[in-house]
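Commentary on secondary and tertiary structure
Here's the letter readout for the chains.
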Amino acid sequence: MFNTRVKVAALLATTPDNQEVTVMGWVRSFRNNQFIALNDGSTNNNLQVVAELGAYDEDLLKKITPGASLKVTGRLIASLGKGQAVEVKAATIEILGECNPDTYPLQLKNRPSLEYLREIAHLRFRTNTFGAIFRVRHALAFATHQFFNEKGFLYLHTPIITASDAEGAGEMFRVSTLPFDHTPRKEDGTIDFSEDFFGRASNLTVSGQLEGELGATALSEIYTFGPTFRAENSNTARHLAEFWMIEPEMAFCDLEDNMNLAEAFIRYLIQYVMDHNREDLEFLAQRLAEEEKQRPQAERSELGLIEKLEFVLTNQFQRITYTQAIDILLESPAYKKKKFQYEVKWGIDLQSEHERYLVEKHFKKPVIVTGYPKDIKAFYMRQNDDGKTVAAMDILVPGIGEIVGGSQREERLDRLQARMQEMHIPVEEMWWYLDTRRFGTVPHAGFGLGFERMMLFVTGMTNIRDVIAFPRTPKSAEF
Ligand code: 4AD
Ligand code: MG
């Protein structure tokens, strides 16, 4: 029977009364042949288990090594030592699984680096840092569903395999069962996908938005929350080939409603983890503060992690247009001193260095940029009357850059078709998407929040590979 066990987090919050308890977990450390620090992933705080001297034979004691798993029964008593309120005075100790200290790759004594931990990502859950990260990740996912549920949005499961390229950027992973060695060819030499599993070229989705629009234009308000895939070869600390995205889509909604929702959503997520994951956030804040000490003064952030999150809760995001953003950049000391690597002029896609200048140096707070040039944005965005810009909005945050991308959608059939033709989007194949504009079209809008980017923001981690359990990046799909 395993379900009589009590989790460490619960035990640590229990008033000791000499009651008998059963606890299971993995050994973090064993001191003086007497004090076992036991952890089961429910909290970073270990439970102290005391094995009375002389009560256990040498053979058993030798097997209590870091990483070994134990079942302990004993009495919960007030701790005599410092650092914990309670401890378990062991009556029986059973080794569930031994852990050879000579071959165990996780030696916590000498603080393994994050880089090393990526190489043993199958074991890194057992560290304090990753324990905190994955508890926060769970909380953010849970809070996401709670937020949209409270607002009456329906959770729509959009397909993972699709035949369309939602973003029109051609960064897709193909899904195929055709043989690699003799692929069937058409007369003109191109691959004959009619012989493929789906009878057509198909791929992993880059976004659930287009299908989300189909749902929203009948159900009013939906959201998706699923994995998305991009074969963009950007080996940065902010890009994954497989990442999770939350995409709400709302009928009867314009750009301003959209921005308001995105802002409220981000605040809700932050408030939720502040309320439910305080201990883990404080641990991560401490970790970040130590990491920052290694950096030159000028590169350190002015606020600690918790202060930064509190700041976001209490301050409105700055809203500016793309044109204003370009003007600010052109006026900036950074531009004048030629500090930007990439060119700045109206029409460019804002680079990470530009985004970070705006949020970290100029406004020192999250910024929502609207009205991007149509030529750097997707075909579905609503065209503004100036003929040059679209009703797009990106949310940029300190330390990361873009965390949300969204827009009001082009609901006018003629405008949408014309834009698709200009951008070489296959209009005939997208008949189903265009039907929403043919039959009872409505103003509607939505956005996508990159879940791992949000994780970076909330945890203060700096590499996106450290906020997803099993990162997929160019040339890397281990585990
Ligand atoms: O700006 P993106 O490409 O927008 C869309 O996909 C729209 N269909 C969303 C919508 O309007 N429904 O991506 C949205 C967000 C970005 O702001 C970023 O946070 C994240 O997804 N993102 C990535 N995160 C990790 N790795 C990548 N390769 C990412 N690409 C985008
Ligand atoms: Mg974007």
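Right, let's walk through the structure included here. Bear in mind the structure is a predicted one, so any value in this text is a computation, not a measurement.

Turning next to the site of ligand 1. Surrounding ligand 1, one finds 24 residues, the nearest of these being E167, Q209, R230, E247 and E402. One of the side-chain nitrogen or oxygen atoms of E232 is found 2.8 Å away from a nitrogen atom of ligand 1. Within the side chain of E247, one N or O atom sits 2.7 Å away from a nitrogen atom of ligand 1. Considering ligand 1 on its own, with 630 Å² of exposed area, one finds that the protein chains cover 93% of that surface. It is strand 15 (residues 401-408) that provides the largest number of residues to the shell around ligand 1, a total of five residues. Its residues assigned to classes, the shell around ligand 1 shows eight nonpolar, eight polar and eight charged.

Relative to the assigned elements, T73 resides in strand 4 (residues 69-78). Overall, the relative accessible area of 15% leaves T73 in the buried class. A polar side-chain atom of T73 sits 2.4 Å from a polar atom in the side chain of T92. Apart from residues no more than four positions distant in its own chain, T73 is found in contact with V21, T22, K89, A90, A91 and T92.

This next bit is on the sheet that holds strand 7 (residues 161-162). Strand order in the open sheet formed by three strands is 7-9-8, and the pairing between neighbours is antiparallel. What marks the edges here is a single partner per strand, and that holds for strand 7 and strand 8 (174-175). Summarising the sheet, strand 7 and strand 9 (residues 202-204) pair through two bridges and their orientation is antiparallel. What sits directly across from T162, in strand 9, is N203.

Read around the barrel, five strands follow the order 1-2-3-5-4 and close on themselves; strand pairing throughout is mixed. Between one strand axis and the next, the sheet turns by 55 degrees as a mean value, whatever way the strands run. Relative to strand 4, strand 1 (residues 19-31) runs antiparallel, the two sharing eight bridges. Paired with T22 across the two strands is T73, which belongs to strand 4.

Attention now goes to the pairing of strand 2 (residues 35-39). Within strand 2, four of the five residues are buried, leaving the element largely enclosed by the surrounding structure. The pairing of strand 1 with strand 2 spans five bridges and is classified as antiparallel. The residue bridging S29 from the neighbouring strand is A37, located in strand 2. Here strand 1 folds back onto strand 2 in antiparallel fashion, the turn holding three residues, of which N32 has a positive phi close to 55 degrees. Of the pairings in the sheet, the one linking strand 2 to strand 3 (residues 47-50) comprises four bridges and is antiparallel in character. Bridge pairing in strand 3 places L38 opposite L47.

Thresholds applied
- Residues numbered from 1 in each chain as written.
- Chains lettered and ligands numbered in written order.
- Predicted model: local features only at pLDDT ≥ 70, side-chain atom pairs only at ≥ 80, totals over all residues.
- Heavy atoms only, no water.
- Near = heavy atom within 4 Å.
- Polar contact = N/O pair within 3.5 Å; in protein donor to acceptor, adjacent residues only side chain to side chain.
- Areas by Shrake-Rupley, 256 points an atom, 1.4 Å probe, with all protein chains shown as cover.
- Helix = DSSP H or I, 4+ residues; strand = E, 2+ residues; numbered from the N terminus.
- Nonpolar A, V, L, I, M, F, W, Y, C, P; charged D, E, K, R; others polar.
- Buried < 20%, exposed > 50% of the residue type's maximum accessible area, 1.4 Å probe, protein only.
- Contact = heavy atoms within 4.5 Å.
- Pairing = 2+ DSSP bridges.
- Axes fitted to C-alpha atoms, helices over the stretch in contact; angles between N-to-C directions.

These figures come from the coordinates and say nothing about function on their own.
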